[in-house]
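Here are the chains, one letter per residue:
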Amino acid sequence: METITINIKNDKLTDKVTRFLELLKDDGLEIINKEDYEDLKLLRETRVEESIPFEEYLKNEN
């Protein structure tokens, strides 16, 4: 999979480009805004962290 970043400063052009890209979703195109992508990266990093039971967390709350 390849990632392409497009920076557009004009809101009208952003709408046009987004509408065009939406047509390609059925062909496998995935559209993610940069903020969502950064959130997904942070979430992925938490998957390797060790977790503890919620009851244990409550015991050590203070």
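Predicted, not measured: the structure shown is a model, and the values here were computed from it.

Participant: What am I meant to see in the overall build of the protein chain here?
Facilitator: The helix and strand tally for the protein chain stands at 3 helices and 0 strands. Counted from the first residue to the last, the protein chain has its helices and strands arranged as α-α-α. Expected size for 62 residues packed as a compact globule is a radius of gyration near 11 Å; at 19 Å, the protein chain overshoots this value by more than 25%. By its C-alpha atoms, the protein chain is 55 × 25 × 15 Å across when sized along the principal axes. Across the 62 residues that make up the protein chain, the buried fraction comes to 0%. Put simply, the protein chain shows about 6,700 Å² of open surface, and 51% of that area lies on carbon and sulfur atoms. Separation between the mean location of the 10 positive side-chain charges and that of the 17 negative ones in the protein chain comes to 8 Å.

Participant: Help me out: how do you make sense of the pattern of salt bridges in this one?
Facilitator: Pairs may arise between side chains of opposite charge once their charged atoms sit close together. Going through the model one piece at a time under the given rule, you end up with 2 salt bridges. Of the charged contacts, one joins lysine 25 and glutamate 22 as a salt bridge, the two residues approaching to 3.3 Å between their closest N and O atoms. Given a relative accessible area of 40%, lysine 25 falls into the partly exposed group. Lysine 41 is paired through a salt bridge with glutamate 38; the nearest N and O atoms lie 3.5 Å apart. Note that lysine 41 and glutamate 38 are positioned in helix 2 (residues 34-46) at a spacing of 3 residues, about one turn of the helix. The exposure class of lysine 41 is partly exposed, given its relative accessible area of 28%.

Participant: Just to check I follow, could you spell out the layout of surface pockets for this structure?
Facilitator: Unfilled space is identified by rolling a water-sized probe across the atoms. Empty space within the largest pocket amounts to approximately 970 Å³. Lining of the largest pocket is provided by 23 residues; of these, Ile4, Thr5, Glu30, Ile31 and Ile32 occupy positions nearest its centre. Going through the elements one at a time, helix 1 (11-22) and helix 2 are the ones with two or more residues in the lining of the largest pocket. A total of 6 residues in the lining of the largest pocket trace back to one element, the largest contributor, which is helix 2. Split by residue class, the lining of the largest pocket holds 11 nonpolar, 6 polar and 6 charged.

Conventions and cut-offs
- Residues numbered from 1 in each chain as written.
- Predicted model: local features only at pLDDT ≥ 70, side-chain atom pairs only at ≥ 80, totals over all residues.
- Heavy atoms only, no water.
- Helix = DSSP H or I, 4+ residues; strand = E, 2+ residues; numbered from the N terminus.
- Rg over C-alpha atoms; globule rule 2.2 N^0.38 Å.
- Buried < 20%, exposed > 50% of the residue type's maximum accessible area, 1.4 Å probe, protein only.
- Areas by Shrake-Rupley, 256 points an atom, 1.4 Å probe, with all protein chains shown as cover.
- Lys, Arg positive; Asp, Glu negative; His and termini not counted.
- Charge placed at Lys NZ, Arg CZ, Asp CG, Glu CD.
- Salt bridge = Lys/Arg side-chain N within 4 Å of Asp/Glu carboxyl O.
- 1 Å grid on protein atoms, 1.4 Å probe; cavity = no way out; pocket = protein on both sides within 12 Å on 5 of 7 lines; lining within 4 Å.
- Points joined across faces, edges and corners; volume = space filled by probe spheres on them.
- Nonpolar A, V, L, I, M, F, W, Y, C, P; charged D, E, K, R; others polar.

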